[in-house]
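Observations on the model geometry
If you want the building blocks of each chain, they are given just below.
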Amino acid sequence: MSFSKNIEELEKIIQRLEREALPLEEAMEIFERGVALVKNCQAYLAEVQQKVMLVDEGGNEKAWEAEAQEENEN
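Residues numbered from 1 in each chain as written. Predicted model: local features only at pLDDT ≥ 70, side-chain atom pairs only at ≥ 80, totals over all residues. Heavy atoms only, no water.

Observations regarding the confidence of the model for the protein
We apply this condition: Known as pLDDT, the predictor's confidence for each residue is given on a scale from 0 to 100. Helix numbers and strand numbers start at the N terminus; a helix is a DSSP run of H or I with at least 4 residues, a strand a run of E with at least 2.
Of the residues in the protein, 77% have a pLDDT of 70 or more, and the chain-wide mean is 84. At the low end of the mean pLDDT range in the protein sits helix 3 (residues 66-73), at 55; at the high end sits helix 1 (residues 3-19), at 96.

Below, the structure is given as structure tokens:
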């Protein structure tokens, strides 16, 4: 399943858990599926982050670092 599909399914799970009064067993099953989707999305994003490369002003490639990006935004 693609990242986008995982996110869509996760959103549906969240909406369902927020809106419906489900039996505990069913709510736990749905919650566990949501946790699995979150883990899959996190793993995918970690993999993508490793692949992202930036070229600095001197033309040198370097790995993208989230911390550096966040510092630049502030």
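After presenting the structure, the write-up continues.
Describing the environment of Ser2
Under the convention used in this document: Whether a residue is buried, partly exposed or exposed follows from its accessible area with a 1.4 Å probe, protein chains only, as a fraction of its type maximum: under 20%, in between, or over 50%, in that order.
Structurally, Ser2 can be placed in the segment before helix 1. A relative accessible area of 38% places Ser2 in the partly exposed class. C-alpha separation for the pair Ser2 and Cys41, spaced 39 residues apart in sequence, amounts to 9.1 Å.

A closer look at a nonpolar patch on the surface
What counts here: Patches in this entry comprise residues that are over 30% relatively accessible and not in a salt bridge; like charges within 9 Å are linked, as are nonpolar side chains (Val, Leu, Ile, Met, Phe, Trp, Tyr) within 5 Å. Here the open area of atoms and residues is found with the Shrake-Rupley method and a 1.4 Å probe, where only the protein chains shown may cover a residue. Salt bridge, as used here: a side-chain nitrogen of Lys or Arg that lies within 4 Å of a carboxyl oxygen of Asp or Glu.
A cluster of nonpolar residues, Leu17, Leu24, Met28, Phe31 and Val35, forms a patch on the protein surface that exposes about 430 Å² of accessible area. One can find Leu24 in helix 2 (residues 24-51). What makes Leu24 exposed here is its relative accessible area of 61%.

Concerning the nonpolar core
Selection criterion: Nonpolar cores are built from buried Ala, Val, Leu, Ile, Met, Phe, Trp, Tyr and Cys residues. Side-chain atoms within 4.5 Å join them into one set. Contacts are assigned to residue pairs with any non-hydrogen atoms lying within 4.5 Å of each other.
Counting residues in hydrophobic clusters, the biggest one holds six residues: Leu10, Ile13, Leu22, Ala27, Ile30 and Leu37. Each residue touching Leu10, except ones within four places of it in the same chain, is listed here: Gly34, Leu37 and Val38.

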